[in-house]
Every structure is written in C-alpha cells, then in structure tokens.
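Understanding the architecture of this molecule
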Amino acid sequence: MLSNPQVKHNDILSGHIDRTTERCLGRSAVLVIQDTTTLSYTEHPSVRGLGPVNDSARARGFLAHTALAVSVDDHEVLGVLDQHVWVRAGAQGDRG
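Here the residue numbering is sequential within each chain, running from 1 through the sequence in written order. Predicted model: local features are reported for residues with pLDDT of at least 70 only, side-chain atom pairs are reported and counted for 80 or more only, and whole-chain, interface and lining totals are derived from all residues. Excluded from the side-chain calculations are hydrogens and water; all other atoms, namely the structure's heavy atoms, are used.

1. Focus on the overall build of the protein chain
Scanning the protein chain from N- to C-terminus turns up 1 helix and 4 strands. Reading the protein chain from its N terminus to its C terminus gives the helix and strand order α-β-β-β-β. Relative accessible area decides the class of each residue, using a 1.4 Å probe on protein chains only: under 20% of the type maximum gives buried, over 50% gives exposed, and in between gives partly exposed. The buried share of the protein chain, taken over its 96 residues, is 24%. Taking all contacts inside the protein chain whose residues are at least 6 apart in sequence as the whole, residues at least 24 apart take part in 55%. For the area figures, the Shrake-Rupley method with a 1.4 Å probe applies, and any residue is considered shielded solely by the protein chains shown. Within the structure as shown, the protein chain displays about 6600 Å² of accessible surface, and the carbon and sulfur contribution to it stands at 53%. Only DSSP runs of H or I reaching four residues or more are called helices, and only runs of E reaching two or more are called strands; each is numbered from the N terminus. Two residues form a contact once any of their heavy atoms are found within 4.5 Å.

2. Remarks on helix α1 (residues 9-24)
To estimate the expected span of a helix, count its residues, drop one, and scale the result by 1.5 Å. The terminal C-alpha atoms of α1, which comprises 16 residues, lie 22 Å apart, in line with the 22 Å expected from a rise of 1.5 Å per residue. Bend at a residue means the angle formed by two fitted axes: the first through the 7 residues ending at that position, the second through the 7 residues beginning there. At G15, α1 shows its strongest bend, of approximately 35°. If you check which residues of α1 are buried, you get L13, I17, T20 and C24. On its buried face, α1 is in contact with β1 (30-40), β3 (60-71) and β4 (77-86).

3. Considerations on unusual backbone geometry
Most of the time, phi is negative for any residue but glycine, and the peptide bond is trans. The backbone of H75 sits at a positive phi, close to 65°, despite the residue not being glycine. By secondary structure assignment, the location of H75 is in the loop between β3 and β4. The exposure class of H75 is exposed, given its relative accessible area of 61%.

4. Describing the pairing of β3
In regular strands, side chains alternate between the two faces of the sheet. Within β3, 9 of the 12 residues are buried, which leaves the element mostly enclosed by the surrounding structure. Two strands form a pair only when DSSP identifies at least two bridges running between them. As paired elements, strand β2 (residues 51-52) and β3 share 2 bridges and run antiparallel to each other. What sits directly across from G51, in β3, is G61. As paired elements, β3 and β4 share 8 bridges and run antiparallel to each other. Its bridge partner lying in β4, L68 is registered against V80. With antiparallel pairing between neighbouring strands as the criterion, β3 and β4 make up a hairpin whose turn holds 5 residues, including H75 at a positive phi of roughly 65°.

Have a look at this one:
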C-alpha cells in the first residue's frame, strides 16, 4: 500500500485526525504538543527514497513532525491533529 503513488500520507491519517478533532470538542482546553522525530532506516539498505537524517555520512531515513492533542483537564491523549513527513534532499551527509 505505501509503495502505491496514489496512496498519500494525509489520506491514511485523515480518519484519525477527524476523530481526534471530535475528541477535542467540548474540552475546556487542549494542548497541541509538537515534536519532530527522526526515523532512521540505515540498517535497512533495501528501503528506497530515504535521505540524510543527521551529520553522519551513513545515516539514512526520514523525519516526521507530529502535532499531538492532549486534554488539559485530565491529561488524556486525544490523538494526532497533524503530521508532516519528509525526506531531506541532498547527498549523504548533506544538511538539506
């Protein structure tokens, strides 16, 4: 499924994001916590479409920046509201 060019990341997440939005409704306050995660697939050389993930000339993978909704009242994790996934361009070791 993920190798199909017609399947988009946002399409896969859209149902979850819709449900997260519904869970946020009626809350007195919701924190949206953001973080970027580096996903390294350096040890999986057969994976294609990866880019540099740090200063190492060898490390390959992609990055995911996620916005996670959390209820202020009871600290319940409500779900993902947004996520951007990208591969850095450039030769191995470039900081693109």
